[in-house]
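Given next are the chains, with one letter for each unit.
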Amino acid sequence: MERPDWDHYFMQIASVVATRSTCLRRQVGALLVLNKRILSTGYNGTPSGLSHCRDVGCLREELNVPSGERHELCRGLHAEQNAIIQAAIHGVAIKDSVLYCTHYPCAVCAKMLVNAGISTIILEDNYPDDLAKKIFSEAGIKVTFIV
């Protein structure tokens, strides 16, 4: 068995984190890593204590909202948002960390990641949000895909 490099190792962990998602449309996992140490994890789903989408349904699905649009209709948080929130709750500084995420962040998450001081983003899958790509480019955040 071949030992994975660090990027593949962390992406595999992000994929496992995604399995906790309760979203009906897409399971996303995220890790914030600094100096090869995991600082925080997050997956997409409803806020703590609220009913899960798999239990009450998805308004975006019911309205046939295309992927990448009308995020305000979703009762859940994105994996990247939850990773930032978990770090904040536990007093963990994430400035200059690397985000490993199973999917490309949306524009809302992109703005949060810029302001959180994330230095690099490593991804597995793409997502249809051109504004997010422009935000990362303008902020000078390096974005790469794992092959």
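For the structure, check the block above.
Residues numbered from 1 in each chain as written. Predicted model: local features only at pLDDT ≥ 70, side-chain atom pairs only at ≥ 80, totals over all residues. Heavy atoms only, no water.

A. Just the layout of surface pockets, in detail. By volume, the largest pocket is sized at about 350 Å³. Lining the largest pocket are 24 residues, and of these C23, R26, N44, R60 and H78 sit closest to its centre. Taken together, the residues of the lining of the largest pocket break down into eleven nonpolar, nine polar and four charged. Its volume calculated, the second largest pocket comes out at about 270 Å³. Taken together, 17 residues make up the lining of the second largest pocket; nearest its centre are Y43, T46, S48, N82 and Q86. When contributions to the lining of the second largest pocket are tallied by element, the ones reaching two or more residues are β2 (37-43) and α4 (79-89). Tallied by class, the residues present in the lining of the second largest pocket amount to six nonpolar, eleven polar and no charged. (1 Å grid on protein atoms, 1.4 Å probe; cavity = no way out; pocket = protein on both sides within 12 Å on 5 of 7 lines; lining within 4 Å. Points joined across faces, edges and corners; volume = space filled by probe spheres on them. Nonpolar A, V, L, I, M, F, W, Y, C, P; charged D, E, K, R; others polar. Helix = DSSP H or I, 4+ residues; strand = E, 2+ residues; numbered from the N terminus.)

B. The arrangement of the pattern of salt bridges in detail. Under the counting rule described, the total for this entry stands at three salt bridges. Measuring nitrogen to oxygen at the nearest pair gives 2.8 Å for the salt bridge that ties E61 to R25. Placement of the pair is E61 in helix α3 (residues 59-62) and R25 in the loop between α1 (6-18) and β1 (29-34), with a sequence separation of 36 residues. The exposure class of E61 is partly exposed, given its relative accessible area of 40%. What makes R25 partly exposed here is its relative accessible area of 29%. Residue K95 is joined to D96 by a salt bridge in which the shortest nitrogen-to-oxygen separation is 3.6 Å. (Salt bridge = Lys/Arg side-chain N within 4 Å of Asp/Glu carboxyl O. Buried < 20%, exposed > 50% of the residue type's maximum accessible area, 1.4 Å probe, protein only.)

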